[in-house]
Amino acid sequence: MRSSPTAPPRSFVWTRRIVLTLLTAFAVTPVYVMLSSSLKPLEDVTGAFQWIPSGLTVRPYLDIWDTVPLARYFLNSLIVAGAATGCSVVVAVFAAYAVSRYRFRGRRIFTVTVLSTQMFPGILFLLPLFLIFVNIGNTTGIALYGSRGGLILTYMTFTLPFSIWMLVGYLDSIPRDLDEAALVDGCGPLKALFRVVVPAAVPGIVAVAIYSFMTAWGEVLFASVMTNDVTRTLSVGLQGYATRTEVYWNQVMAASLVVSLPVVAGFLLLQRYLVAGLTAGAVK
Amino acid sequence: MTATTLDTPPAGPGGKPPAGRGAARGHRRRGRGRIRRGALPYLLLLPALLLELLIHLVPMAVGVVMSFKELTQHYIRDWGAAPWAGLDNFEVAVDFDAPVGEALLRSFLITCAFTVLAVGLSWLLGVTAAILMQDPFRGRGLLRALFLTPYALPVYTAVITWSFMLQRDNGLVNHVLHDQLGLTGQPTFWLIGDNAFVSLVVVSVWRTWPFAFLVITAALQNIPREVYEASAIDGAGIWQQIRRITLPSLRPVNQVLVLVLFLWTFNDFNVPYILFGKSAPESADIISLHIYQSSFVTWNFGAGSAMSVLLLLFLLVVTAGYLLLTSRGRKAASA
Amino acid sequence: MRRIRLAATAALATALGLTAACGGGSSTGSEGGNDKPDELTYWASNQGTSLEHDKEVLTPEIEKFEKKTGIDVKLEVVPWDSLLDRILAATTSGQGPDVLNIGNTWSASLQASDGLLAWDDETLDRIGGRDRFVPSALAAAGAEGQDPAAVPLYSLSYALYYNKAMFAEAGIEEPPATWDDFVEIGKRLTGDGTYGVAVEGGNPVENSHHAFVFGKQHGADFFDAEGNPTFNTPEAVAAVKQYVDFLANDRIAAVGNAEYAQNQSVKDFATGKAGMLLWQAAGSSLKAHGMKPEEYGVAPVPMQSENPPEGRNVNSMVAGINIAVFKNSDNLDGAVDFVKFMTSTEEQKILNATYGSIPPVKEAQQDEAFSTTDLTVLREVLSTTSAPLPQVPDEAQFETLVGDAMKELFADAAAGDEVTTESVRERLTEAQQQMQN
């Protein structure tokens, strides 16, 4: 924090007011549009835009559950994003611990390879991955295609490189004396990891979890090909409000708000961790 | 993902290692030779390695193989039977005088312009907001929450709302620009034609600048308060402080942040796909959609793969070059 | 050392456990056959007002089949947006449904990929034989001279919908029979915020369908006899230009139509913003928008006043949905039985009546449910003046590339750029050059 002994000059205060007002408008307008449109009858939504809705209705909030099986999609998204996040965090912690605390042969190759995967366009993964999933299904009986499992596996891997990288940064910032001490006390390296390092790395871990969750929650392409109507997730399912006859804009907005609310709330609650996690991790 | 880790052991080139780290490391080295030789690190990496292998590397290898095959709809059922195309797919893709290569090149250039603009603006907004909100004031917490909302909203929800706002006849954007402010003689098309590019940049910036804001906010918290106090005593005003202390101290963050944003934006598929559907307007024909079209819509997976491989090579070169340049620059600066 | 080994084992176990935990589910697949005679997966396309509506319509029908055969049918209604991608993925991997709906224009493309069961005479006989189907509909199920890759399920054709009240107000008595009349009438209807016609300018697929019809009338086929693209012949250019001109030069369509891609044109017609609409079986959509059947008239799509030398009397594509069997099905016999059920006269009547389409099964067409004024017109068009879209493997590219070119032309016109024969040729040439052989 900067702390000036004197109050900031007026030029600064005014700049701040103006710029922040504009930015707020930019950031919030779409959210306002979502809210106001979700409360309008369909004729009003598809007609000329009005800032203040002329007729208010909560009907869209009741209809959204019938037009598409929103609750099921929501549950699917929750399961998929939640499991992908959980698994990804555990795997990333292990890997980051290794990279941060050990110098071993192949360490560099590992990091370089993992990071370079981030540069490959996702579209190209789609068919090969699909093929691999089907083959695994045929040989082992574990159905990855069409199941939530396949999607979970895919998403956790998508987020893994960035998660590992962020965690390595965070773990590096935790003094090694801590786990050294635990080791001296007779803990095994894993025990030291769980007893000492993980608790100290909570902000970093939460940051990684938020990132993984958001990525999994929003992905469209893989979800549209790899799910069926039982396992379909929200990002694909919401497209169901655009039917052959009509785009139910008010319901799209209402459903969007309903499904976004928990995510946004969670994100805002946890954002301090994200800041803390990034402070030590990304920001070095 | 990136970069500093590419080879940077903990404290990046030129980065300041946290106090006490060096000592700890020395201690560790002496105390842990036994384990270092052990298999533990490999076992810890194993889950990550397996996943990367299964989901990323093997498909990536398959993708590279695909790029050397003539993989059209006649062969997709049995890839083994698809004839080898040698470098044909690549030749077609990079023959910029021929239509396919020309279209790819155009799409590539559009993507570059889009990425530079979107990343640049996102960074600019992020850094501005972060600096202006460095000192506490009433309502700062609320503002921060509002600013982060676009990033927290699920992609589909956010972008579909924008497409609703950008409609020509009934959208909010034209309502404001045309009906209320009267800035345009005719309502503007935002989703087709040349303006589609502008729309894409705006929507993309709207979604990514909160991330820049977040990271820079975090970085600003690392600047020791004494530095500001000292300069204040020296009589430096707030603008001078920003110029002399805040901005320079952001340099290491910027290096990472810009690279991350660059890679995410360049490869982004979700935003243009949701905004424009399967076929983007010419002006906003982003490379990821272009490749999607070239492989899925026209069923030529060999060509699509070749384009993807080229893209991968390009991004590798850019990233490597960028890292080399920035770390050299920083070494020079800190020397 | 022991501790390390222990830790190692733990890590390995966790890794495996994770993979397993994140996996889960069951069921396998193999090459086609009859290994699983008791179950079927059916991918239906979205024909009703929503995915849920389709489910409501199809479930009771499928239950009849289940009761009759004891086969358990798993129904999934796949949105149009992802249907083709999913079929592609299924074809590549061999893991897909047993029975599926396809847009009939994809027939030849999918036929070339060899993922669908070919309907040779023997197989066709198992569902009652070739002669049960309307020939033009069956012609839209695969390349000429080859066994069809699918059989027709629902048929549709384009028709001209017109607003009776608006026509009466403008003193127009007859719907236009030629494009000259069409533009004439369109101009009379245009003004005061209303327009002559609404077009779906931002929708490539819709555009390509119109390109096809105008093409036929001008004598352009878009593919030569070898299946090579001929997108930029003078006839094709004239055809595309004539359609784009509704917005660009005749100005009988609202400029805003250039970005329509979500069936806004149907809504514009239903709400009286446009007096005419070229659409396939719009009845149910218009009803959903609150337009009553007596408020609109249906007529065949206009023809040229005078056919150009090569022009043909075609005013619609054979539109519709085909039903196909996936070659890798584990229940081929059951799948064919299911197709037989879906194409049975009784089911054809029920399903087509619900969806407002026309049964491609001759016997079912006789039902009076299909003798309403609009469906009579559609039926007439289908049997006399319709033609299937080019049945070549590259058809999908035609829809995408030509449709996109037209979308860009509409965008040009909307931006105020002039659309000329030259600019149309340029766009079409560009589209053609994107085709790789």
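Computed from a predicted model, the values in this text were never measured in an experiment. (Residues numbered from 1 in each chain as written. Chains lettered and ligands numbered in written order. Predicted model: local features only at pLDDT ≥ 70, side-chain atom pairs only at ≥ 80, totals over all residues.)

**Q** Would you mind going over the overall build of chain B with me for this structure?
**A** Check the secondary structure of chain B and you find 16 helices and zero strands. Here chain B, with 335 residues, has 52% of them falling under the buried criterion. For chain B, the share of sequence-separated contacts (at least 6 apart) that also reach a separation of at least 24 residues comes to 65%. (Helix = DSSP H or I, 4+ residues; strand = E, 2+ residues; numbered from the N terminus. Buried ≥ 20, exposed ≤ 12 C-beta atoms within 10 Å, placed from the backbone. Contact = placed C-beta atoms within 7 Å.)

**Q** What am I meant to see in the overall build of chain A here?
**A** A tally of regular secondary structure across chain A gives 13 helices and zero strands. Overall, chain A shows an N-to-C arrangement of helices and strands of α-α-α-α-α-α-α-α-α-α-α-α-α. Along the first, second and third principal axes, the C-alpha atoms of chain A reach 70 × 70 × 30 Å. Burial status across chain A gives 61% buried among its 284 residues. Sequence separation of at least 24 residues holds for 74% of the intrachain contacts in chain A that already meet a minimum separation of 6.

**Q** How should the nonpolar core be read in this particular structure?
**A** Among soluble globular proteins, nonpolar side chains are generally buried collectively. A92(A), A95(A), I164(A), Y161(C), V240(C) and L277(C) are the most contacted members of the largest nonpolar core, which has 334 residues in total. Residues lining this core come from more than one domain, with at least three contributed by each of domain 1 (39-155 + 319-387) and domain 2 (158-317 + 390-433) of chain C. Residue contacts for A92(A): discarding those within four places in its chain leaves L160(A), S163(A), I164(A), L167(A), V208(A) and A48(B). (Core = buried A, V, L, I, M, F, W, Y, C linked by C-beta atoms within 7 Å. Domains from an automatic or database assignment.)

**Q** What should I look at first to understand the interface of chain C and chain B in this one?
**A** The parts lose accessible area when they come together, and the size of an interface is often stated as this lost area. Taken together, the 37 residues of chain C in the interface contact 32 residues of chain B. Among the secondary structure elements, those contributing two or more residues to the side of chain C that touches chain B are α1 (2-22), α3 (80-93), α4 (107-113), α17 (395-414) and α18 (421-433) of chain C. Top element by residues in the side of chain C that touches chain B is α1(C). It accounts for nine residues. The class makeup of the residues in the side of chain C that touches chain B is 17 nonpolar, 14 polar and six charged. (Nonpolar A, V, L, I, M, F, W, Y, C, P; charged D, E, K, R; others polar.)

**Q** How should I be thinking about the interface of chain A and chain B in this particular structure?
**A** Taken together, the contact between chain A and chain B spans 95 residues of the former and 102 residues of the latter. Within the side of chain A that touches chain B, the residues separate by chemical class into 67 nonpolar, 19 polar and nine charged.

**Q** For this particular structure, what's the right way to read helix α12 (residues 238-249) of chain B?
**A** Residues separated by three or four positions in an α-helix point in the same direction, a consequence of the helix having 3.6 residues per turn. In a regular helix each residue adds 1.5 Å, so twelve residues correspond to 16 Å; α12(B) covers 15 Å between its end C-alpha atoms and thus fits that length. Of all the positions in α12(B), only I238(B), Q241(B) and T246(B) are classed as buried. Buried residues of α12(B), seen end-on, are gathered within an arc of 60° and therefore sit on one face of the element. Seen from the open side of α12(B), the exposed residues pointing more than 90 degrees away from its buried face are R243(B) and P248(B). Buried residues in α12(B) make contact with α1 (10-38) of chain A together with α6 (99-132), α10 (195-220) and α11 (225-233) of chain B. (Expected span 1.5 Å × (residues − 1). Arc of directions from axis to C-beta.)

**Q** Before we go on, may I ask you to explain the pairing of strand β1 (residues 39-45) of chain C in this structure?
**A** Side-chain direction in a regular strand flips from residue to residue, so the side chains alternate between the two faces of the sheet. All names here are of chain C. Within β1, six of the seven residues are buried, which leaves it mostly tucked inside the rest of the structure. Note: β1 against strand β2 (residues 72-78), seven bridges, orientation parallel. Looking at β2, one finds that E39 is bridged to D72. Handedness of the β-α-β unit built from β1, helix α2 (residues 51-69) and β2 comes out right-handed. Judged from the two bridges that link them, β1 and strand β3 (residues 99-103) form a sheet pairing that is parallel. Paired with Y42 across the bridge in β3 is V99. (Pairing = 2+ DSSP bridges. Right-handed = clockwise from strand over helix to strand, strands pointing away.)

**Q** When you look at the packing of α11(B) against α12(B) in this model, what are you seeing that I'm missing?
**A** When two helices pack together, their arrangement is given by the angle between the helix axes and by the axis-to-axis distance. All names here are of chain B. Between α11 and α12, the least distance of the axes is 11 Å, while the angle of their chain directions is 140°. When the interaxial angle is binned, α11 and α12 end up oblique. Considering how the two elements wind past one another, α11 and α12 form a crossing that is right-handed. Where α11 approaches α12, its residues V227, Y228 and S231 are matched on the opposing element by Q241, R244 and I245. Here the contact of α11 with α12 is built from residues that sort into three nonpolar, two polar and one charged. (Axes fitted to C-alpha atoms, helices over the stretch in contact; angles between N-to-C directions. Parallel < 35°, antiparallel > 145°, perpendicular 65-115°, else oblique. Left-handed = near helix turned anticlockwise from the far one by under 90°.)

**Q** When you look at the sheet that holds β3(C) in this model, what are you seeing that I'm missing?
**A** Two orientations exist for strands paired in a sheet by backbone hydrogen bonds: parallel and antiparallel. Residue and element names in this part refer to chain C. Spatial ordering of the open sheet is given by β2-β1-β3-β10-β4, a layout of five strands whose pairing is mixed. Because the sheet does not close on itself, it has two edges, and the strands there are β2 and β4 (151-156). Each adjacent strand pair in this sheet contributes to an overall mean axis angle of 20°, direction not counted. Examined bridge by bridge, β4 and strand β10 (residues 319-325) share five bridges and lie antiparallel to one another. Each residue of the ladder has a partner; that of V151, found in β10, is I323.

**Q** Please clarify how unusual backbone geometry should be interpreted in this entry.
**A** Glycine aside, negative phi is the norm for most residues, and most peptide bonds take the trans geometry. Residue and element names in this part refer to chain C. At D192, a position not held by glycine, the phi torsion is positive, near 55°. For F222, which is not a glycine, the phi torsion comes out positive at approximately 70°. With respect to the secondary-structure elements, F222 resides in the loop between α9 (204-218) and α10 (234-248).

**Q** Sorry if this is basic, but what is going on with the environment of T319(B) here?
**A** Residue and element names in this part refer to chain B. Its place among the elements puts T319 in helix α16 (residues 301-334). The buried category is assigned to T319, around which 21 C-beta atoms lie within 10 Å. Sequence separation of T319 and F262 is 57 residues, and the distance between their C-alpha atoms is 9.4 Å.

**Q** How do you make sense of the sheet that holds strand β8 (residues 296-299) of chain C when you look at a structure like this?
**A** Residues and elements named next belong to chain C. Taken in spatial order, the four strands make up an open sheet running β6-β7-β5-β8, and their pairing is mixed. Strands with a single pairing partner mark the edges of an open sheet, and in this sheet they are β6 (195-198) and β8. When strand polarity is set aside, the average angle formed by the axes of neighbouring strands in this sheet is 25°. Bridge count between strand β5 (residues 158-163) and strand β7 (residues 274-280): five bridges; the pairing is antiparallel.

**Q** Can you help me understand the packing of helix α7 (residues 140-152) of chain B against α10(B) in this one?
**A** All names here are of chain B. Relative orientation of the contacting elements α7 and α10 amounts to 125°, with a least axis distance of 7 Å. What the angle tells us is that α7 and α10 run oblique. The crossing of α7 and α10 is left-handed. Counted together, F147, L148, P150 and Y151 of α7 and W206, R207, P210, F211, F213 and L214 of α10 form the full contact between these two elements.

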